[in-house]
Amino acid sequence: MPPCLCLPSPTLLFSTRHRCRLLKPPHASSQISLDSPLCNQISKSKTTGVIVIGGGLAGLAAANRLQADNIPFLLLEASDAVGGRVRSDIVDGYILDRGFQIFITGYPEARKILDYDSLDLRKFYSGAQVYYGGRFHTVADPLRHFADSLQSLTNPIGTVVDKLLIGLTRLNVLTQGDDEILNAEEVPTIDLLKKIGFSDAILERFFRPFFGGIFFDRELETTSRLFNFIFKCLALGDNTLPAKGIAAIPEQLAAKFSANSILFNTRVVSIDSESNSSSMTVKLQNGEILQSEFGVILAVEEPEAVKLLAGEKTVEVRQPVRSTVCLYFSADQDKVPIQDPVLLLNGSGKGIINNMFFATNVAPSYAPAGKALVSVTLVGLYGDVADEDLVDRVMKELSGWFGESVVGSWSYLRLYRIGFAQPNQCPPTNLKKNPKIKPGLYICGDYVTSATFDGALVSGKKAAETLLQDRVMVNV
């Protein structure tokens with residue numbers, strides 16, 4: 001850990017004539033929100049130690065690391081709350097996560113930085129139920145659900161040999177360190193699975209919908225490095241949801257910071273540097289100018305980062321980016337056909353649904369008493385299909401699974417189209433990118449490391465530590 005830099009303790013190293021009234025936004029009790037237009041009209045000259053641009057997991061992790069060394073910082077977030085893509089909305093008493101998101105407790109960095117107990121994590125069944133041949137078949141983790149795994153040995157979701165190969169793959173990843181996995185020789189995940197010897201049956205009926213839903217890539221062209229890392233994390237932990245929604249994760253991080261360290265509804269339009277100096281100038285959309293004494297950490301998603309870094313030596317956003325659609329429906333509790341907290345996969349090879357689950361089977365707090373919440377995920381954006389047509393197609397497909405009398409009683413709540421759900425991480429990849437762009441300018445985000453919650457957290461911490469190390473070198 002870099003030595004502590006002896007800097008002033010206040011977050012901002014300036015004073016202003018106007019005082020901003022800070023309020024907590026609804027449904028995000030641990031966040032700080034701007035409520036006055038005066039907050040964007042205060043002094044034209046502001047200086048702080050470090051400016052962190054972006055309040056997603058990476059930006060929050062960077063700020064957390066800076067705070068650990070008492071480095072003053074200001075975090076700028078363009079939207080009205082922290083989280084980036086890790087957000088939740090409250091709609092008619094239902095908690096709707098913005099897109100299909102599951103938190104894996106086996107993530108190594110998350111274990112260090114998050115308080116799992118206070119998140120009140122609710123567990124999924126360790127396995128899945130796969131829709132194939134007109135019914136559901138169980139795929140179970142043999143170490144956690146031994147009896148279920150024995151019963152599933154002869155089901156049509158792969159052969160007995162396939163199930164043994166899953167166990168061997170698990171042992172293989174558990175014997176490797178994380179750095180070893182992320183730096184290993186790589187191939188597309190589908191090529192790795194074929195090389196291991198998995199049958200076409202389990203590839204099509206389990207791996208494509210399961211890991212396709214994680215990567216938002218049903219072709220499984222994503223790097224084998226990411227597959228092995230996630231497979232290891234799944235072996236070491238549980239799939240979970242925080243009782244208060246996925247947004248509870250970034251909210252917990254933000255709650256550690258002082259009230260004046262985060263500015264919401266604050267969009268950055270440019271970043272400039274003084275020659276041969278780590279001092280950076282940040283221009284906001286409203287024309288206001290901010291200055292950082294020690295540097296800027298850019299923690300926005302990849303497409304926005306490329307825009308703000310125009311003129312710097314950065315690569316273009318790899319195409320296609322990973323997109324998804326998530327639909328939510330409400331139901332009466334007695335109209336839920338499956339009571340287990342299990343992920344349901346579409347292994348039929350037909351239709352547009354990739355996976356779904358009854359969120360209230362995992363976390364009853366996701367819906368009002370007596371009600372249930374249904375979450376359905378599609379891989380891809382379906383940009384040429386109107387929302388109402390997409391809802392109709394999904395309802396029709398679900399009716400084929402559970403019956404029209406059941407699905408017909410459900411009510412549509414909301415649809416989310418996530419154009420940039422994840423970066424494209426097909427080979428060749430570099431999952432250990434250097435966060436330093438130039439003196440005083442650093443990047444972080446899941447596109448810098450692995451496209452996971454953990455990757456975002458690691459990249460944020462690494463960006464902050466690189467900045468701190470550079471400061472030590474300058475002062476030597």
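Note that the coordinates shown come from a computational prediction; the quantities given were computed from them, not determined experimentally.

Break down the sheet that holds strand S19 (residues 371-379) for me, with residues and values.
The strand order across the open sheet built from 7 strands is S10-S9-S17-S18-S19-S16-S20, with neighbouring strands paired in mixed fashion. Looking along the sheet, the strands with just one partner apiece sit at the ends: strand S10 (135-140) and strand S20 (411-422). Strand-to-strand twist in this sheet, taken as the mean axis angle between neighbours without regard to direction, amounts to 25 degrees. By the bridge criterion, 8 bridges tie strand S16 (residues 322-332) to S20 in an arrangement that is antiparallel. Looking across to S20, one finds that Cys 326 is bridged to Tyr 416.

Residues and numbers for the pattern of salt bridges, please.
What the rule picks out here adds up to 24 salt bridges. When the shortest N-O distance is used, the salt bridge between Glu 301 and Arg 85 registers 3.5 Å. Pair noted here: Glu 301 is in the loop between strand S15 (289-298) and helix H11 (302-308) and Arg 85 is in the loop between strand S4 (73-76) and strand S5 (88-91), with a separation of 216 residues, a long-range link. Residue classification places Glu 301 among the partly exposed positions, given a relative accessible area of 32%. In this structure Arg 85 comes out as partly exposed when scored by relative accessible area, which is 25%. In this structure, Asp 141 and Arg 144 form a salt bridge, with 3.6 Å as the shortest nitrogen-oxygen distance.

An account of the layout of surface pockets is needed here, citing residue identities and associated values.
If you roll a probe as big as a water molecule over the atoms, it shows you where there is empty space left. Considered as a void within the structure, the second largest pocket measures approximately 730 Å³ in volume. In terms of lining residues, the second largest pocket is bounded by 31 residues, among which Ala 140, Asp 141, Pro 142, Ile 166 and Arg 170 are the most central. Of all the secondary-structure elements, those providing two or more residues to the lining of the second largest pocket are strand S9 (127-132), S10, helix H4 (146-151), helix H5 (160-174), helix H8 (200-215) and helix H9 (224-236). Ranked by residues supplied to the lining of the second largest pocket, first place goes to H5 with 8 residues. Considered class by class, the residues forming the lining of the second largest pocket number 20 nonpolar, 7 polar and 4 charged.

Describe in detail helix H13 (residues 387-402), supporting the description with residues and values.
When the terminal C-alpha atoms of H13 are compared, their 22 Å separation across 16 residues agrees well with the 22 Å that a helix rising 1.5 Å per residue should span. A positive phi of about 100 degrees marks Gly 403, the residue just after H13.

Can you lay out H9 for me, pointing to particular residues and giving the numbers?
The terminal C-alpha atoms of H9, which comprises 13 residues, lie 18 Å apart, in line with the 18 Å expected from a rise of 1.5 Å per residue. Counting buried positions along H9 yields 12 of 13 residues, so the element is predominantly enclosed. Capping the start of H9 is the job of one residue whose side-chain oxygen sits 3.1 Å from the backbone nitrogen of Arg 225: Thr 223.

Before we move on, can you summarise the UniProt feature "binding site: FAD" (unreviewed entry) in the protein with the specific residues and values?
Per the UniProt record, "binding site: FAD" (unreviewed entry) is annotated on Glu 77 and Ala 78. The residue Glu 77 is located in the loop between S4 and S5 in this model. Given the relative accessible area of 8%, Glu 77 is considered buried. When neighbours within four sequence positions are excluded, Glu 77 is seen to be in contact with Gly 54, Gly 55, Gly 56, Leu 263, Phe 264, Asn 265 and Thr 266. Here Ala 78 is to be found in the loop between S4 and S5. Residues contacting Ala 78, with those up to four places away along its chain left out, are Asn 265, Thr 266 and Arg 267.

Which residues make up empty space enclosed by the protein, and what values go with them?
Following the criterion strictly, the structure yields 2 cavities of 30 Å³ or more and no others. Space inside the largest cavity adds up to approximately 50 Å³. Every residue lining the largest cavity is listed: Asp 97, Gly 99, Phe 100, Gln 101, Leu 241, Tyr 328, Phe 357, Ala 359, Tyr 366 and Ser 375. Residues belonging to the lining of the second largest cavity are distributed by class as follows: 5 nonpolar, 2 polar and no charged.

A description of the side chain of Thr 189 should follow, citing residues and the corresponding values.
Within the secondary structure, Thr 189 sits in helix H7 (residues 189-196). Thr 189 gets classed as buried once you look at its relative accessible area, which sits at 0%. Polar side-chain contacts of Thr 189 include one of 2.7 Å to the backbone oxygen of Thr 222. Contacts of Thr 189, omitting those with residues within four sequence positions, involve Phe 215, Leu 220, Glu 221, Thr 222, Thr 223, Ser 224 and Phe 227.

If you had to explain the nonpolar core to someone new, which residues and values would you point to?
By size, the foremost hydrophobic cluster in this structure holds 96 residues, and its most contacted members are Leu 66, Phe 103, Phe 206, Phe 207, Phe 211 and Ile 297. If you look at the next biggest cluster of nonpolar residues, it comprises 32 residues, including Phe 329, Ala 331, Val 374 and Val 391.

Kindly report on the pairing of strand S11 (residues 239-242), identifying the contributing residues and their values.
Neither face of S11 is open: one carries Asn 239 and Leu 241, the other Thr 240 and Pro 242, and all of them are buried. The sheet contact formed by strand S7 (residues 103-104) and S11 spans 2 bridges and is antiparallel. Bridge pairing in S11 places Ile 104 opposite Asn 239. Pairing between strand S8 (residues 121-123) and S11: 3 bridges, direction antiparallel.

Please provide a residue-by-residue account of the packing of aromatic side chains, values included.
For any two aromatic rings, the description comes down to two numbers: the centre-to-centre distance and the angle of the planes. In this structure the tally under the stated criterion is 27 aromatic pairs. Aromatic side chains Phe 210 and Phe 211 sit 5.1 Å apart centroid to centroid with 75 degrees between the ring planes, which places their arrangement in the edge-to-face category. Comparing Phe 210 with Phe 211, the two get one shared label, buried. Here the aromatic cluster, defined as three or more aromatic residues joined through ring pairs, consists of Phe 198, Phe 206, Phe 207, Phe 210, Phe 211, Phe 215, Phe 227 and Phe 231.

Requested: an account of the sheet that holds S7, with residues and values cited.
Spatially, S7-S11-S8 is the arrangement adopted by the 3 strands of the open sheet, whose pairing is antiparallel. A single partner strand is all that each edge strand has here, and the edge strands are S7 and S8.

So what's going on with the packing of H7 against H8? Which residues, and what values?
At a closest axis distance of 12 Å, the pairing of H7 and H8 adopts a crossing angle of 145 degrees. As H7 packs across H8, the resulting crossing turns out to be right-handed. Together, Thr 189, Ile 190, Leu 193 and Lys 194 of H7 and Leu 203, Phe 207, Arg 208 and Phe 215 of H8 make up the contact between the two elements. Residue composition of the contact of H7 with H8, grouped by class: 5 nonpolar, 1 polar and 2 charged.

Criteria and cut-off values
Residues numbered from 1 in each chain as written. Predicted model: local features only at pLDDT ≥ 70, side-chain atom pairs only at ≥ 80, totals over all residues. Heavy atoms only, no water. Pairing = 2+ DSSP bridges. Helix = DSSP H or I, 4+ residues; strand = E, 2+ residues; numbered from the N terminus. Axes fitted to C-alpha atoms, helices over the stretch in contact; angles between N-to-C directions. Salt bridge = Lys/Arg side-chain N within 4 Å of Asp/Glu carboxyl O. Buried < 20%, exposed > 50% of the residue type's maximum accessible area, 1.4 Å probe, protein only. 1 Å grid on protein atoms, 1.4 Å probe; cavity = no way out; pocket = protein on both sides within 12 Å on 5 of 7 lines; lining within 4 Å. Points joined across faces, edges and corners; volume = space filled by probe spheres on them. Nonpolar A, V, L, I, M, F, W, Y, C, P; charged D, E, K, R; others polar. Expected span 1.5 Å × (residues − 1). Polar contact = N/O pair within 3.5 Å; in protein donor to acceptor, adjacent residues only side chain to side chain. UniProt positions renumbered as here; feature names shortened; annotations may be inferred. Contact = heavy atoms within 4.5 Å. Core = buried A, V, L, I, M, F, W, Y, C linked by side-chain atoms within 4.5 Å. Phe/Tyr/Trp six-rings, centres within 6.5 Å; stacked < 30°, edge-to-face > 60°. Left-handed = near helix turned anticlockwise from the far one by under 90°.

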